[in-house]
Each structure stands twice: as C-alpha cells, then as structure tokens.
Amino acid sequence: MPDAFRAELNKEIITKAYARWAPVYDVVFGPVFEHGRHAAIEAAERIGGRVLEVGVGTGLSLPYYSSDLRIWGIDVSEPMLRKAQQRVAEHGLNNVEALVVMDAEHLDFPDASFDVIVAQYVITTVPNPEAALDEFARVLRPGGEIVLVSRVGAEAGLRRTLEKWFAPAARKLGWRTEFSFQRFSQWAKESRGMELVERRSMPPFGHFSLIRFCKESGLPKEDGMAGAARAVA
Ligand SMILES: C[S@@+](CC[C@H](N)C(=O)[O-])C[C@H]1O[C@@H](n2cnc3c(N)ncnc32)[C@H](O)[C@@H]1O
C-alpha cells in the first residue's frame, strides 16, 4: 500500500474525534445511516453464528440482531463504547457477549474465531484499512463473510474534486472522504483465500456501498456450502 495512505489518520486523531462525537453521535448519524446498518445485519444473519462488529460505536445496530446470534463489539473509543454498554443494558440484549476497547488493526482474538465480521461506516476511519482487513480475514473462519458498509470515493467529476477539497477537514472529524473502491478490490486480489462477492450502492446519495467478502472454505467449489457448514460444526 502506498505510504501516503498510511499517514492520513492516526489513532490519536480518531480517539479525540470520537470522544467529541459520542454525546451527539446518535442524533447526527442515527437515521442517516440506518438503511446501511439494516442491510449489513441482514447479510450477517444469512451466515449466523458468532459475529464480530468492529467499530460498534454507540451500538446503534445492536438491538437489530436476532437473539440467536452471539455478538462481540469492539471499538477504539471508550466514550462511544460506554454509550453502547448503556444501550445493551436498556434493551436487555442477552445476545451481546462482550463490548471491548480494541484496535481493528490488532484484534486480540485467535484465528478463525468468528463466522461473520461486520464493520459499518468504519473502515475509512481506520489509519491503515488494509491492515484492519487482514485482521478481519485472520479471525474469520473458512466459509465466513466480511460485511462492510463504507464510504466509497468518487473516481472522477465534481464529487471527486469536492471530496479532495474537503479531505483535510474530514480527517480532523475522524474520517476520510476520498477512498476508492479499487482499494477494496485490490485488497481482495492480494489476500489469499478472500473473494469479493458483492458491492451494492447504499444511501445517502449512493456515496456508500455494502461490500461483502467471502473466505474460501478450502473445499472444492461444488461442495462449498456443505463445506462451510462442516467447517463450523
Ligand atoms: C462513523 S463511526 C460508526 C459507528 C457505528 N458502526 C455506526 O454504524 O454508527 C466509526 C467508529 O469506528 C471506530 N473506530 C475508528 N477507528 C477504529 C479502529 N482502528 N479500531 C476500532 N474502532 C475504530 C470509531 O471510534 C467509531 O466509533
């Protein structure tokens, strides 16, 4: 990955930004991202089992997972996670196993420990998105899926110009405006056993996409589904 991308954001900027966002996050970003959160949960439910939600934030998505899933949430921001903890208590969410302060780039879980990794509106806020994706792939079991909802930057035109212009201010707020889809597809190409299986445009204004990657089950293709089922048994 080019070094220029690595230096864009750092953990200190992110934690400071989200400590400021925490008290007002739900009002500002609750309804506007609701469609994407529901779409990601729907995709995760199709796999089922043990779910890791990375960058769980204030836990807006947590009440929408079905009760038979087992959910772990992680985030680098303690103030955001405190809000998530309150939500879990208020809704009595017994399917949430733990909420932990942790960095997406350094997941403290063994290999292949989750059936699904969900990250909604997170990956472009992480200093090194490809390192985080590598970690998602590592902790995902064969046959499992990574489900992202992410901003995807424009490739050309007025939106691209505006995104470049707004980029320095956006960084201070804790996110990136310019982030090409090619970075996701390139990551999948370079990652052994990971396949890009879906990209679907999400509101508002199609600036976001739901992106799914599947981890090879390691079994012949025609036996793929049965293989995935056996891998978690
Ligand atoms: C835009 S918010 C999205 C929150 C939530 N997923 C939602 O749908 O509203 C981004 C979240 O990612 C978290 N985050 C940013 N960088 C992270 C990292 N390296 N590791 C874990 N969480 C991170 C932030 O603290 C913040 O809570």
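As shown above, the structure is provided for reference.
For clarity, every value in this text was computed on a predicted model and none was experimentally measured. Residue positions within a chain follow its written sequence, with the count starting from 1. Per-residue local features of the predicted model are confined to residues with pLDDT of at least 70, and side-chain atom pairs are confined, for both listing and counting, to 80 or more; whole-chain, interface and lining totals are unaffected and use all residues. Water and hydrogen atoms play no part in the side-chain values, which are based on all heavy atoms of the structure.

**Q** An account of the packing of aromatic side chains is needed here, citing residue identities and associated values.
**A** Only Phe, Tyr and Trp rings are paired, with Trp represented by its six-membered ring, and only when their centres lie within 6.5 Å; those with planes under 30 degrees apart are stacked, over 60 edge-to-face, the remainder tilted. One pass over the structure, following the stated rule, counts 11 aromatic pairs. Relative to phenylalanine 33, the ring of phenylalanine 29 lies with its centre 5.6 Å away and its plane at 15°, an arrangement referred to as stacked. Across the pair, exposure class does not vary: phenylalanine 29 and phenylalanine 33 are buried alike. The interplanar angle of 55° and the centroid separation of 5.2 Å between the aromatic rings of phenylalanine 179 and phenylalanine 184 together place this pair among those described as tilted. In this structure phenylalanine 179 comes out as buried when scored by relative accessible area, which is 4%. Grouped by ring-pair contacts, the aromatic residues Trp21, Tyr25, Phe29, Phe33, Tyr121 and Phe208 constitute a single cluster. The ring of phenylalanine 114 is capped by arginine 50, whose NZ or CZ atom sits 4.6 Å from the centre of that ring. Charge over a ring is defined by NZ of Lys or CZ of Arg lying within 6 Å of the ring centre and within 35 degrees of the ring normal. The ring of phenylalanine 208 has arginine 151 sitting right over it, with the charged end atom 5.3 Å from the ring centre. Exposure is judged per residue with a 1.4 Å probe applied to protein chains only, and the accessible area is read against the type maximum: over 50% gives exposed, under 20% gives buried, and values in between give partly exposed.

**Q** Describe the pattern of salt bridges, with residues and values.
**A** Salt bridges are defined by distance alone: a side-chain nitrogen of Lys or Arg within 4 Å of a carboxyl oxygen of Asp or Glu. By the definition in use, this model includes 11 salt bridges. Among the ionic pairs, aspartate 103 bridges to lysine 11, the shortest N-O distance being 4.0 Å. A residue pair is termed long-range when its members are at least 10 positions apart, and aspartate 103 in the loop between β3 (96-101) and β4 (114-120) and lysine 11 in helix α2 (residues 11-21) qualify at 92 residues. Among the residues examined, lysine 11 registers a relative accessible area of 46% and is labelled partly exposed. Between arginine 212 and glutamate 145 there is a salt bridge, with its nearest N and O atoms 2.8 Å apart. Taken together, the residues span a long stretch of sequence, with arginine 212 in strand β7 (residues 208-215) and glutamate 145 in strand β5 (residues 140-151) at a distance of 67 residues. Judged by its relative accessible area of 13%, arginine 212 is buried. Assessed through its relative accessible area of 8%, glutamate 145 is described here as buried. Three or more residues are tied together by salt bridges with common partners; here these are Glu145, Glu198, Arg200 and Arg212. Counting from the N terminus, the helices are DSSP H or I runs at least four residues long and the strands are E runs at least two residues long.

**Q** Break down a nonpolar patch on the surface for me, with residues and values.
**A** Here, patches come from residues exposed beyond 30% relative accessible area and free of salt bridges, joined within 9 Å for like charges and within 5 Å for nonpolar side chains (Val, Leu, Ile, Met, Phe, Trp, Tyr). In this description, accessible areas are obtained by the Shrake-Rupley approach with a 1.4 Å probe, and a residue is regarded as covered only by the protein chains that are shown. Side chains of Leu158, Leu162, Trp165, Phe166 and Leu173 sit close together on the surface and give an oily, nonpolar patch of about 560 Å² of accessible area. Looking at the element boundaries, leucine 158 is found in helix α7 (residues 157-173). Given the relative accessible area of 64%, leucine 158 is considered exposed.

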